[in-house]
Structures are given as structure tokens and as C-alpha cells.
Amino acid sequence: MGYETTLLIGKTSASTLCHTPGFHSKVSFFSIYATIDLYRCGSDSHILKVDRINISEDTVYYWYYDGLDAPKYEDRYGDKLKPVPISVVINALRKDVKQDDYGRYKWALALLRSMERDKEDNIGVLLYGH
């Protein structure tokens, strides 16, 4: 993962077939609801150990971020991302908060916990390296 990490929190749409050469057979749009820049996480951070890379040959995810009009399919380090279930990210942040008093972990944990209680289906998190 990148040296800096931003959590892109949102919802994944249903996959659709893509006929663009060079892309996988299905694409799924990730609609961003909120972002939290964690800045630089420590090398022993649990959030950096979350499985976030999309290695699937079946579906690719895209989103709009960084003020660009073009869809993004990967982070700034060239990693194709997959939405991580909100509960997985919450568990990693809980561990991080216990071992580090870093304020941004606490903010992210509070926001994600409030969104998890909303009962919205398919809320996930892209761990965007930059």
C-alpha cells in the first residue's frame, strides 16, 4: 500500500457488462459517501494489513475521486482496489486505536461505526494509497 492512505467509504452498484477492450467482463461503480485521509499510518498498523487489492479476473471497480472527471480504476500506486466490508475495516481500526492514540484512527472509527449502524446494504471501503 502507499505511504499515505485515504479511506473512501461508499456503496458498490450492481456489476454491468463492459465491452471496452482491455477491461474485465464486468465493471461495478463505487459511489463515494465520505472520505477520511489517514495520512501516514505506522508500519505496524492493522489497517495496512487489510486485504484491499482486487485480484479478481471477473469484476473491476471504478470510482470518481481527486476532482477528476475520468473514472479511476486504481490508486496512485497502480493497485486495483476492491471494496472491503465495513466490519473488516472497523475491526482493524479498533486494534489500531488500542495500540496508537492517533486521532485520525479515532475519527475514522467513529464515522465507520455510525455508518455501520445505518443498516445500508453494501457499504464498503476502498483503502486508497497515495
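Structure: see above.
Residues numbered from 1 in each chain as written. Predicted model: local features only at pLDDT ≥ 70, side-chain atom pairs only at ≥ 80, totals over all residues. Heavy atoms only, no water.

**Structural notes on the overall build of the protein**
Quick reminder of the rule: A run of H or I in DSSP counts as a helix once it spans at least four residues, and a run of E counts as a strand once it spans at least two, with each numbered from the N terminus. A radius of gyration in this sense is built from C-alpha atoms; the matching globule rule multiplies 2.2 Å by the number of residues raised to 0.38. Note on definitions: a residue-residue contact is assigned when non-hydrogen atoms from the two residues lie within 4.5 Å. Only the protein chains shown count as covering a residue, and every accessible area follows the Shrake-Rupley method with a 1.4 Å probe. Charge assignment in this entry is limited to Lys and Arg as positive and Asp and Glu as negative, and neither His nor the chain termini are counted. Note on charges: their place is set at NZ of Lys, CZ of Arg, CG of Asp or CD of Glu.
Each helix and strand in the protein was counted, giving 2 helices and 6 strands. Along the chain direction, N to C, the helices and strands of the protein fall in the order β-β-β-β-β-α-α-β. For 130 residues, the compact-globule formula gives about 14 Å, and the C-alpha radius of gyration of the protein, at 15 Å, lands near that figure. Projected onto its principal axes, the C-alpha coordinates of the protein cover approximately 45 × 30 × 25 Å. Taking all contacts inside the protein whose residues are at least 6 apart in sequence as the whole, residues at least 24 apart take part in 70%. As presented, the protein carries roughly 7,400 Å² of accessible surface, and 49% of it is formed by carbon and sulfur atoms. Distance between charge centroids for the protein: 5 Å, based on 17 positive and 18 negative side chains.

**Focus: helix H2 (residues 103-116)**
The test is simple: Multiply 1.5 Å by the residue count of a helix minus one, and that product is the helix's expected span. We call a residue buried when its accessible area falls under 20% of the maximum for its residue type, exposed when it is over 50%, and partly exposed in between, using a 1.4 Å probe and counting protein chains only. Think of the arc as the fan of directions from the helix axis to the C-beta atoms.
With 14 residues, H2 should reach 20 Å at 1.5 Å per residue; the first-to-last C-alpha distance of 20 Å fits that figure. Buried within H2 are the following residues: Tyr105, Ala108, Leu109, Leu112 and Met115. All buried residues of H2 lie within an arc of 135° about the axis, which places them on one face of the element. The elements touched by buried residues of H2 are strand S1 (5-12), strand S3 (26-39), helix H1 (86-99) and strand S6 (123-129).

**Points about the pattern of salt bridges**
To keep things clear, this is the line we draw: For this document, the term salt bridge refers to a Lys or Arg side-chain nitrogen within 4 Å of an Asp or Glu carboxyl oxygen.
The tally for this structure, following the rule as stated, stands at 6 salt bridges. As a salt-bridge pair, Lys82 and Asp51 come within 2.9 Å of each other at their nearest N and O atoms. Of this pair, Lys82 sits in the loop between strand S4 (59-62) and strand S5 (84-85) while Asp51 sits in the loop between S3 and S4, and the two are 31 residues apart along the sequence. When its relative accessible area of 24% is taken as the criterion, Lys82 is described as partly exposed. Among the ionic pairs, Asp101 bridges to Lys106, the shortest N-O distance being 2.4 Å.

**Structural notes on the packing of aromatic side chains**
Stated formally: Classification of ring pairs uses Phe, Tyr and Trp, with its six-membered ring standing for Trp, and accepts pairs whose centres are within 6.5 Å; under 30 degrees between planes counts as stacked, over 60 as edge-to-face, and the remaining range as tilted.
What the rule picks out here adds up to 7 aromatic pairs. On the basis of an interplanar angle of 90° and a centroid distance of 6.4 Å, the ring pair of Trp63 and Tyr128 is categorised as edge-to-face. Linking Trp63 in the loop between S4 and S5 with Tyr128 in strand S6, this pair joins segments that are 65 residues apart in sequence. Side by side, Trp63 and Tyr128 carry an identical accessibility label, which is buried. Relative to Tyr105, the ring of Tyr102 has its centre 5.0 Å away and its plane inclined at 85°; by these criteria the two rings are edge-to-face. A relative accessible area of 2% places Tyr105 in the buried class. An aromatic cluster is defined as three or more aromatic residues linked by ring pairs; in this entry it consists of Phe29, Tyr62, Tyr64 and Tyr73.

Bear in mind that shape data such as this cannot, by itself, settle questions of function.
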